[in-house]
Amino acid sequence: MFLIGGALSGVAATTPWKAGWVVTEVGRQPWTVYHVLLTSQAATTASGVTGTLAATLVIYGALTVATFASCS
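What counts as what
- Residues numbered from 1 in each chain as written.
- Predicted model: local features only at pLDDT ≥ 70, side-chain atom pairs only at ≥ 80, totals over all residues.
- Heavy atoms only, no water.
- Helix = DSSP H or I, 4+ residues; strand = E, 2+ residues; numbered from the N terminus.
- Rg over C-alpha atoms; globule rule 2.2 N^0.38 Å.
- Buried < 20%, exposed > 50% of the residue type's maximum accessible area, 1.4 Å probe, protein only.
- Areas by Shrake-Rupley, 256 points an atom, 1.4 Å probe, with all protein chains shown as cover.
- pLDDT = per-residue confidence, 0-100.
- Patch = residues over 30% accessible without salt bridge, like charges linked within 9 Å, V, L, I, M, F, W, Y side chains within 5 Å.
- Salt bridge = Lys/Arg side-chain N within 4 Å of Asp/Glu carboxyl O.
- Phe/Tyr/Trp six-rings, centres within 6.5 Å; stacked < 30°, edge-to-face > 60°.
- Lys NZ or Arg CZ within 6 Å of the ring centre and 35° of its normal.
- Expected span 1.5 Å × (residues − 1).
- Bend = angle between axes of the 7 residues up to and from the residue.

## A word on the overall build of the chain
Assigned secondary structure in the chain consists of 3 helices and 0 strands. Over its C-alpha atoms the chain spans a radius of gyration of 18 Å, topping by over 25% the 11 Å that the globule rule assigns to 72 residues. For the chain, the residues scored as buried account for 3% of the 72 residues in total. Accessible area for the chain stands at about 6,300 Å²; split by element, carbon and sulfur atoms hold 75% of it.

Laid out in structure tokens, this is it:
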């Protein structure tokens, strides 16, 4: 039973993430495709995107190293 829950937890973790992305793009992309909204207007202007990307890369990099180190 534990192994089934462990196997399903990966899907359960990524499903809301993908669903959020789909909701964002479905709301924005058709307007860009039909030339109602320019691509430059559809792109985010939020500050902090670079910092968030860098933090995500550092965290996932550390998790990857820790995972491989624990397997050795």
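We are not done yet, so read on.
## Topic: the confidence of the model for the chain
On average, residues of the chain carry a pLDDT of 86, and 100% of them reach 70 or more. Here helix α2 (residues 39–42) stands out as the element of the chain with the lowest mean pLDDT, 80, in contrast to helix α3 (residues 49–71), whose mean of 94 is the highest.

## Quick word on the environment of Val-49
Among the secondary structure elements, Val-49 is positioned in helix α3. Separated by 14 residues in the primary sequence, Val-49 and Leu-63 have C-alpha atoms spaced 21 Å apart.

## Overview of a nonpolar patch on the surface
Together, Trp-31, Val-33, Tyr-34 and Val-36 make up a nonpolar patch on the protein surface, roughly 490 Å² of accessible area in all. If you trace the backbone, Val-36 turns up in the loop between α1 (2–33) and α2. Taking the relative accessible area as the measure of exposure, Val-36 reaches 55% and is therefore exposed.

## Topic: the packing of aromatic side chains
Applying the stated rule across the entire model yields 0 aromatic pairs. Positioned above the aromatic ring of Trp-17 is the side chain of Lys-18, whose terminal nitrogen or guanidinium carbon lies 4.9 Å from the ring centre.

## A word on α1
Counted at 1.5 Å a residue, the expected span for α1 with its 32 residues is 46 Å, and the 45 Å between its end C-alpha atoms agrees. At Val-26, α1 shows its maximal bend, which comes to roughly 30°, and the proline Pro-30 appears one to four places after that position. Just downstream of α1 lies His-35, where phi reads positive at about 60°.

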